[in-house]
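The lines below spell out each chain.
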Amino acid sequence: MDDDNVLFTITEKSLNTGLRGFPVGRVRTSRVDASEGVSYVGYPIADLASIDPEAAIYLLFNKELPSDDEISGCKSNLASRAKVDPRVIETLKLLPREGHPMEWLITGLSLLGMTGKTGDFMEDGLNLISRSAELIASIYRIRSGWGEPIPSDPSLGLVENFVHMLGVPGADEEKLTKLLRTFYVLHMDHGGGNLSTFTGKAVASGHADQYASLAAAMAGLYGPLHGRANQECLNFVKKVGTTDPDEIEQFVRDTLASGGKIFGFGHAVLRAEDPRATVQYALGQELCPDDPLFKTALAMRERAVKVLKENPKISNPYPNVDAVSGTLLNAAGLVDAEYYTLLFGFARIAGIAAQIVDERVHMRNGRGVPIYRCSYKAENQEPRRLG
Ligand code: MLT
């Protein structure tokens, strides 16, 4: 490839656009196509939705799907790393309940780093992925008041052990496990430039360790315009308050007319239905077809798109990954939407850790990507003198 190819022309109009569309690096774990959506190392996400989460982790780190032997080795490897320092869990118990679960996660990642980092990006990345299950399940149980954390059994598998440690009161653990396995694979990675991934790589470019970098990344994910959108989406679906398609269409029209936002639709890069939403709609038909909120979300898939398409200024009227995720989690017994971004983070930690390893260890023939240092065009900075 000609290294002098012009990839993007930056003009004055490009400034203060949030780097939208700026090619700033190479990514080797996934790609987001505007019409096809995300693929992991070339595999369309829909083809991967039912694989073992550990197989998807192996794929993002090794750039090949594992053989049966390799998947067993990967599961054993992650299980061997799962031990969380008890001081982390004891410290979680001291955190203020008012804190959002994502604030607890950001704190918890720093606690994991303080008690277990090695400084090696690959070691810390795999340790973090493995230990995030117990960290997040403990946050869920302690903050929800469900009771003491449930002892970890890593031999069950990453997500299976997570569900075991959650101990969701009254939940169908088989259904919840099936949902969270797919939820995990769908949310792991989404190209190199989404805010949480970009933030994690930027912090790591200064040679901060994986734990500090992932804590920063999760702070990015915490934003309501990014990972916390799934929490807002369920709250929005609840406000619709009907499963009747005509009433739903009218609700959408009234919401737009009053300047409101239709949560779960649109995307900065995608210009078609997010295939991660497509997979979830199908899963909902299998797991909770009669759930009223799922019926509402399903009707929104048609009627909200119909209304949004009427506005030529809307570049993407289609559902994104958040459009139906909350309704599925709610139907499976995880009824507190405040925890949904925590589940997004559980999965995204894997993709970000893998991309940090690529940038720190593999890229530029092992020299790694230099520290991120973009430039800003100065305004109102003409030379002045005191006095
Ligand atoms: C994601 O999965 O990170 C979201 O779709 C946001 C994005 O891709 O920018």
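Scroll up for the structure.
We now examine the overall build of the chain. Helix and strand counts for the chain come out as 16 helices and three strands. Computed over its C-alpha atoms, the radius of gyration of the chain comes to 21 Å, within 12% of the 21 Å expected for a compact globule of 387 residues. Reported as C-alpha extents along the three principal axes, the dimensions of the chain are approximately 60 × 55 × 55 Å. Out of the 387 residues in the chain, the part that is buried amounts to 51%. Considering only contacts in the chain between residues 6 or more positions apart, those separated by 24 or more positions represent 73%. Summed over all atoms, the accessible surface of the chain reaches about 18300 Å², with 52% contributed by carbon and sulfur. Of the side-chain charges in the chain, 41 are positive and 49 negative, and the distance between the mean point of each set is 7 Å.

Taken together, Leu 7, Phe 8, Ile 10 and Leu 15 make up a surface patch of nonpolar side chains, about 390 Å² in accessible area. Tracing the backbone shows Ile 10 in the segment before β1 (30–33). By relative accessible area, Ile 10 is classed as exposed at 53%.

Of all hydrophobic cores here, the largest spans 94 residues; its most connected members are Leu 109, Ile 129, Leu 180, Tyr 184, Met 218 and Leu 334. Examining the composition of this core, we find that 13 residues originate from one element, helix α16 (residues 340–362), more than from any other. Built from parts of two domains, this core gets at least three residues from each of domain 1 (37–227 + 340–362) and domain 2 (229–331). Ignoring anything within four residues of it in the chain, the contact list for Leu 334 reads Tyr 140, Trp 146, Leu 166, Val 168, Leu 176, Leu 180, Leu 329, Tyr 340 and Leu 343. One finds Val 240, Ile 262, Ala 304 and Val 305 within the second-largest nonpolar core, a separate group that totals 12 residues.

The next subject is the sheet that holds strand β2 (residues 37–40). Pairing is antiparallel in the open sheet, where three strands are placed in the order β1-β2-β3. Edge positions in the sheet fall to β1 and β3 (43–44), since each of these pairs with one other strand and no more. Of the strand pairs in this sheet, β2 and β3 are connected by two bridges, and their pairing is antiparallel. Following the sheet pairing, Ser 39 is matched in β3 by Pro 44.

A word on helix α13 (residues 275–287). Taking 1.5 Å per residue, 13 residues should reach 18 Å; α13 reaches 18 Å between its end C-alpha atoms and fits that length. Regarding α13, the residues found buried are Pro 275, Arg 276, Ala 277, Val 279, Gln 280, Tyr 281, Leu 283, Gly 284 and Leu 287. For α13, the elements touching its buried residues are β2, α1 (45–48), α8 (173–187), α14 (292–309), α15 (325–331) and α16.

Within the secondary structure, Arg 31 sits in strand β1. Separated by 177 residues in the primary sequence, Arg 31 and Ala 208 place their C-alpha atoms 26 Å from one another. In terms of polar contacts, Arg 31 uses its side chain to reach the side chain of Asp 33, at 3.4 Å.

Let us now look at the site of the ligand. Near the ligand, the surroundings consist of His 190, Asn 194, His 226, His 267, Arg 276, Phe 344 and Arg 348. Between the ligand and the protein, one listed contact pairs an oxygen atom with a side-chain N or O atom of Arg 276 at 2.8 Å. Burial of the ligand by the protein chains amounts to 82% of its free accessible area of 260 Å². In terms of residue class, the shell around the ligand is made up of one nonpolar, four polar and two charged.

This part is about the pairing of β1. The sheet contact formed by β1 and β2 spans four bridges and is antiparallel. From the neighbouring strand, Val 32 faces β2, where its bridge partner is Val 38. Once β1 ends, the chain turns through three residues before running back antiparallel as β2.

Here we take up the packing of helix α2 (residues 53–62) against α8. Two elements in contact, α2 and α8, have axes whose closest approach is 9 Å; the angle formed by their N-to-C orientations is 15 degrees. It follows from the interaxial angle that α2 and α8 lie roughly parallel. Along this stretch, α2 crosses α8, giving a crossing that reads as left-handed. Mapping the contact onto sequence places Pro 53, Ala 56 and Ile 57 in α2 and Arg 181, Tyr 184 and Val 185 in α8. Each residue belonging to the contact of α2 with α8 can be placed in one class, and the counts come to five nonpolar, no polar and one charged.

On to the pattern of salt bridges. This model, assessed by the stated rule, comprises 21 salt bridges. Taking the shortest distance from any N to any O, the salt bridge between Arg 181 and Asp 52 comes out at 2.8 Å. Linking Arg 181 in helix α8 with Asp 52 in the loop between α1 and α2, this pair joins segments that are 129 residues apart in sequence. The exposure class assigned to Asp 52 is partly exposed, which follows from its relative accessible area of 22%. Through salt bridges with shared partners, one network takes in Asp 246, Glu 249, Arg 253, Glu 302, Arg 303, Lys 306 and Glu 310.

Conventions adopted
- Residues numbered from 1 in each chain as written.
- Predicted model: local features only at pLDDT ≥ 70, side-chain atom pairs only at ≥ 80, totals over all residues.
- Heavy atoms only, no water.
- Helix = DSSP H or I, 4+ residues; strand = E, 2+ residues; numbered from the N terminus.
- Rg over C-alpha atoms; globule rule 2.2 N^0.38 Å.
- Buried < 20%, exposed > 50% of the residue type's maximum accessible area, 1.4 Å probe, protein only.
- Contact = heavy atoms within 4.5 Å.
- Areas by Shrake-Rupley, 256 points an atom, 1.4 Å probe, with all protein chains shown as cover.
- Lys, Arg positive; Asp, Glu negative; His and termini not counted.
- Charge placed at Lys NZ, Arg CZ, Asp CG, Glu CD.
- Patch = residues over 30% accessible without salt bridge, like charges linked within 9 Å, V, L, I, M, F, W, Y side chains within 5 Å.
- Salt bridge = Lys/Arg side-chain N within 4 Å of Asp/Glu carboxyl O.
- Core = buried A, V, L, I, M, F, W, Y, C linked by side-chain atoms within 4.5 Å.
- Domains from an automatic or database assignment.
- Pairing = 2+ DSSP bridges.
- Expected span 1.5 Å × (residues − 1).
- Polar contact = N/O pair within 3.5 Å; in protein donor to acceptor, adjacent residues only side chain to side chain.
- Near = heavy atom within 4 Å.
- Nonpolar A, V, L, I, M, F, W, Y, C, P; charged D, E, K, R; others polar.
- Axes fitted to C-alpha atoms, helices over the stretch in contact; angles between N-to-C directions.
- Parallel < 35°, antiparallel > 145°, perpendicular 65-115°, else oblique.
- Left-handed = near helix turned anticlockwise from the far one by under 90°.

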